[in-house]
Amino acid sequence: MTSPSRQKKGAFALRPSLARLVTTKRLLARVVLFFEQLLPPLMPVLAVVAFYLCASWFGVFRSVPDWLRILLLIAFAAAFLSSLIPFRTLRWPKVAEADRLLEERNGLPHQPVTVQEDEPAFDTPFARALWREHQTRMAEKIAALDAGLPRPDIAAHDRFALRAIPALLLVTAFGYSLSINGGSISDALQAAPEQVVSDPAVRIDAWVTPPSYTGRAPIYLPADGSEQAPIGIPQFSGLTVRVSGGKTAEKVVFRKANGEARDISVQADSKPQQAAAAGGEQPNAAPASQAPASQALVAQTHVMKLEENGALEVNGRRWSFDVLPDKAPEIAFDGLPKPSVNGALEIGFTVKDDYGVQEAHAEIVPVDTDPTATPLYPLPEYRLDIPRRNARDAKGVTSRNLSEHPLAGKRVRITLVAKDAAGQTGRSPPHEMIMPSRRFNEPLAAAVAEERQVFALDTRKMPQAIALNEALTIRPEETIPKLTNYLLLESALTRMKLAKGEDALKDTAQYLWEIALGMEDGDLSLAERKLREAQQNLADALDRNAPDAEIKKLMDELRKAMQDYMSELAQRMQNAPMQPNQNAQNILRQQDLERMMDQIENLARSGNRDAAQQMLSELQRMMNNLQAGRPQRGQQSQENSEARKQIDKLGEILRDQQKLMEQTFRLDQQLRDRMQRGEPDMGESDPLLDEMNPGENGEPQDQQQGQQGKEGQQPSDQMTAEQLREALKQLRAHQDALGRQLGELQKRLGEMGMKPGPGFGQAQREMEGAGRELGQGRGQPAIEGQGRALEALRQGARDMMNQMMQAQQGQQGQGPNGQVGQGDQNGRDPLGRPRRPQGPEFGDNSVKVPDEIDVQRAREILDAIREKLGNNPPQEMERRYLERLLDIQ
């Protein structure tokens, strides 16, 4: 025999594929031989493991004392180590053994595998050839070799089939482990639980009541304590255990996860029942030894709050709890806080909590504080309107008017705070900003408000505020035009000097604020305050679930306050000039406000108070963003006047270009009609030509034509084709004049600091092209150029209006007087009524300039009408109708 390391001989040397196949078969055969050696000694190991699992699942380890449990564990470990001793004799099979296995399993005679490595005894040519032929024949039998599966012959090692015992016990133990009394594999490694004897006469009713804000139903615990996995419950849930029956009072214990035990005390209202029961037995002279038994017969209720993981143990029964922690709420800014139009503070926020947020507010504190200052008012209160009560993930916007607070106009730090029903709070990162203040257009009103702010922030600065007031009245005939305002300032000065206590100071501050508002807005500020108070009263009533009668009364007050405010606002804006800063926002009409208030009342009466409160918050936000128009003065008024002139000039150019395009179209159609009908000699005049040229007496020719029309003549039918062509050429002067006017307009806009849009340049180029076409008497190309010029003019007008709007918005936000613009009403007053626009109208998208396709379509229609008219229709009525369509009568 040869070793595997020897060089291949015989058929293996001639056929390499056969050599690789035999090598693979030998490897599989060696693996089979190895497992045949491994399985018999593995049976004792598996038997020891099976017996250990059976003992664990049957609960043997948890039912025996600890010393016996440890002894059994040592015995199983020793048995397991002893069963590993036979594995020392394991070895990897040899190649010869694998070859014999292949030959025996496949029934191959003459050793076809082994013969490939053998050599003949006599090395002669004849013997070598004969041996080579024998090797080739034997190699053909090796192609279908199969090692088969391992055959360990376990029965020879286990004649009595004892191996079936651990298998049957293992299946039975696994089924028993799923029951209440079943054990676990880890019982052998931990101490046995304390043995508690349960009294079958004791009845236990236990349940867990989650907090109401979680919205979860109560969880009733099984009476036998059969729950194996911990029961998941929210934090701060209430555990109630009611124990009745038995001869002695049962002890109810809650064992924490760290092993600490705590007795759950009896509820207070169940103790009088025990005393009453014990007192009722005193007349019967019961023995003292029977008193505990009589008390135990009375049901006892034990209550506690579950705040951490643990287990409830009563009468040998056990329930485990997995307390789900209640996380603190999360709140953050949704965008940066910003001021609304009337000076209110608008805050967008997002809030999140596992069971819902109960309430949220904004904490506003000044950045620069003087610890020795004595402010007159506390910090402002800013309650956030949550879209839904107990919302788990909400997003909202709240608008509150804090312009009356002394901190208005000062730098403050805003922090959002959210609170859940459990009392936990969450805070957002702080944000610093200038707190929005009331914008005063009247300098005198702004000065009065500044006086109030000085001593309201620090009452020690009252002398400084008095000095400011006296400075305002040094030369009243020049600075205070109205006598009423002067008298109000004098009365305020007297109050400031006499104010000593906190109440008097607050009255004085309120009086100064009313004076400032009266100087600024007159009755409008009073109506706005009443409206804000009515909205706040209704919001408070909805928050405390007020009865329907109170809600109806507050809704009536809100309607009246809204009507008064809108009337004052409409009266204020009636004389206010229209401004070009009209943004594309929604129009707020009176019927919209009435519809919203009706919906608020209906939602509140139907019980949906959260939706009603949310709609009321939206109404308040809309009113805070409603702008009041004010007349402009000074340089801004002059700039707007100059801008208005340029707008009017642009409107005139648009109208003249439109009229010129219509004249060109009319002349071109008449010229085409003359050419197609072959009538070169017609009359001498045309209405359009006469409209451009005055008559001999200086009278417009349209009047002369009117006189001729009265005499029954038709001037439009009397122009020749050459006259129509000449009329087209005369229109060039008008087109060139419009182009020059547009150039002057662009130059003027540049002097005003405005950049003319590309539409104006495009329009001027189209006008020049149309003028050249008109000079050559070609009407159709001129019409197309004029149409494109009109469209470019409209685009340039829109660009100019956008620049004006941006300039006016910048003046509103950064103007010296803090002036509030009229806002966007789209040509309507605050009640939604249309107003007469001042200046030209540039049209909208509904006015469409005919493009080339539209002109071609119109030409085809006219050609069809002319063709039908050329066929001499028999009916006189039809012929006249076609002539009217062509406008040739």
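Before reading on, note that the structure itself is shown above.
Below is a short write-up of the structure. This structure is a prediction, so every number in the text was calculated from the model and none was measured. (Residues numbered from 1 in each chain as written. Predicted model: local features only at pLDDT ≥ 70, side-chain atom pairs only at ≥ 80, totals over all residues. Heavy atoms only, no water.)

### Side note on the overall build of the protein chain
Moving on, step 1. When you go through the protein chain residue by residue, the secondary structure sums to 27 helices and 17 strands.
Moving on, step 2. Burial status across the protein chain gives 41% buried among its 889 residues.
Moving on, step 3. Intrachain contacts of the protein chain at a sequence separation of at least 6 include 76% that bridge at least 24 residues.
Moving on, step 4. Of the roughly 49,100 Å² of accessible surface on the protein chain, 53% is carried by carbon and sulfur atoms. (Helix = DSSP H or I, 4+ residues; strand = E, 2+ residues; numbered from the N terminus. Buried < 20%, exposed > 50% of the residue type's maximum accessible area, 1.4 Å probe, protein only. Contact = heavy atoms within 4.5 Å. Areas by Shrake-Rupley, 256 points an atom, 1.4 Å probe, with all protein chains shown as cover.)

### Here we look at the sheet that holds strand β7 (residues 300-306)
Moving on, step 1. Strand order in the open sheet formed by four strands is β2-β1-β4-β7, and the pairing between neighbours is antiparallel. Looking at strand neighbours, the two that pair on one side only are β2 (219-220) and β7, the edges of this open sheet.
Moving on, step 2. Looking at chain direction, strand β1 (residues 203-209) and β2 are connected through two bridges and run antiparallel. Bridge pairing links W207 to Y220 in β2. (Pairing = 2+ DSSP bridges.)

### Some remarks on helix α24 (residues 758-775)
In an α-helix, one turn spans 3.6 residues, which is why side chains three or four residues apart end up on the same side.
Moving on, step 1. With 18 residues, α24 should cover 26 Å at 1.5 Å per step; its first-to-last C-alpha distance of 26 Å lies within 8% of that length.
Moving on, step 2. When we look at burial in α24, the residues that qualify are G759, F760, G761, A763, E766, M767, G769, A770, G771, E773 and L774.
Moving on, step 3. Directly beyond the C-terminal end of α24, a positive phi value near 75° is found at G777. (Expected span 1.5 Å × (residues − 1).)

### Examining the sheet that holds strand β5 (residues 252-256)
Moving on, step 1. The strand order across the open sheet built from five strands is β3-β9-β8-β5-β6, with neighbouring strands paired in mixed fashion. Every interior strand has two partners, whereas the edge strands, β3 (231-234) and β6 (261-263), have only one. Pairwise comparison of adjacent strand axes, ignoring direction, gives a mean angle of 30° for this sheet.
Moving on, step 2. Of the strand pairs in this sheet, β5 and β6 are connected by three bridges, and their pairing is antiparallel. (Axes fitted to C-alpha atoms, helices over the stretch in contact; angles between N-to-C directions.)

### Considering the nonpolar core
Moving on, step 1. If you look at the biggest cluster of nonpolar residues, it comprises 32 residues, and the most contacted ones within it are L650, L742, M767, L793 and M800.
Moving on, step 2. Among the elements of the structure, α20 (634-677), α23 (721-751), α24 and α25 (779-814) are those that each provide at least two residues to this core.
Moving on, step 3. In this view, M800 contacts I647, L650, L749 and M754; residues no more than four positions away in its chain are not counted. (Core = buried A, V, L, I, M, F, W, Y, C linked by side-chain atoms within 4.5 Å.)

### Let's talk about the packing of helix α14 (residues 483-498) against helix α15 (residues 502-521)
Moving on, step 1. Relative orientation of the contacting elements α14 and α15 amounts to 165°, with a least axis distance of 10 Å. Here α14 is positioned roughly antiparallel relative to α15, judged by the angle of their axes. Crossing hand, α14 versus α15: left-handed. Contacts from N485, L488, L489, S491, A492, R495 and M496 in α14 reach D507, T508, Y511, L512, I515 and M519 in α15.
Moving on, step 2. Taken together, the residues that form the contact of α14 with α15 break down as eight nonpolar, three polar and two charged. (Parallel < 35°, antiparallel > 145°, perpendicular 65-115°, else oblique. Left-handed = near helix turned anticlockwise from the far one by under 90°. Nonpolar A, V, L, I, M, F, W, Y, C, P; charged D, E, K, R; others polar.)

### A look at a nonpolar patch on the surface
Moving on, step 1. A surface patch of nonpolar side chains, about 720 Å² in accessible area, is lined by F51, F58, V60, F160, L162, I165, L169 and Y176.
Moving on, step 2. Tracing the backbone shows L169 in helix α8 (residues 164-177). (Patch = residues over 30% accessible without salt bridge, like charges linked within 9 Å, V, L, I, M, F, W, Y side chains within 5 Å. Salt bridge = Lys/Arg side-chain N within 4 Å of Asp/Glu carboxyl O.)

### Remarks on the packing of aromatic side chains
Moving on, step 1. On inspection of all chains with the given rule, the structure shows 10 aromatic pairs.
Moving on, step 2. Summarising the aromatic geometry, the rings of Y213 and Y355 are spaced 6.1 Å apart at their centres and angled 65° between planes, so their arrangement reads as edge-to-face. Placement of the pair is Y213 in the loop between β1 and β2 and Y355 in strand β12 (residues 345-366), with a sequence separation of 142 residues.
Moving on, step 3. Take Y213: its relative accessible area is 14%, and that puts it in the buried class. (Phe/Tyr/Trp six-rings, centres within 6.5 Å; stacked < 30°, edge-to-face > 60°.)

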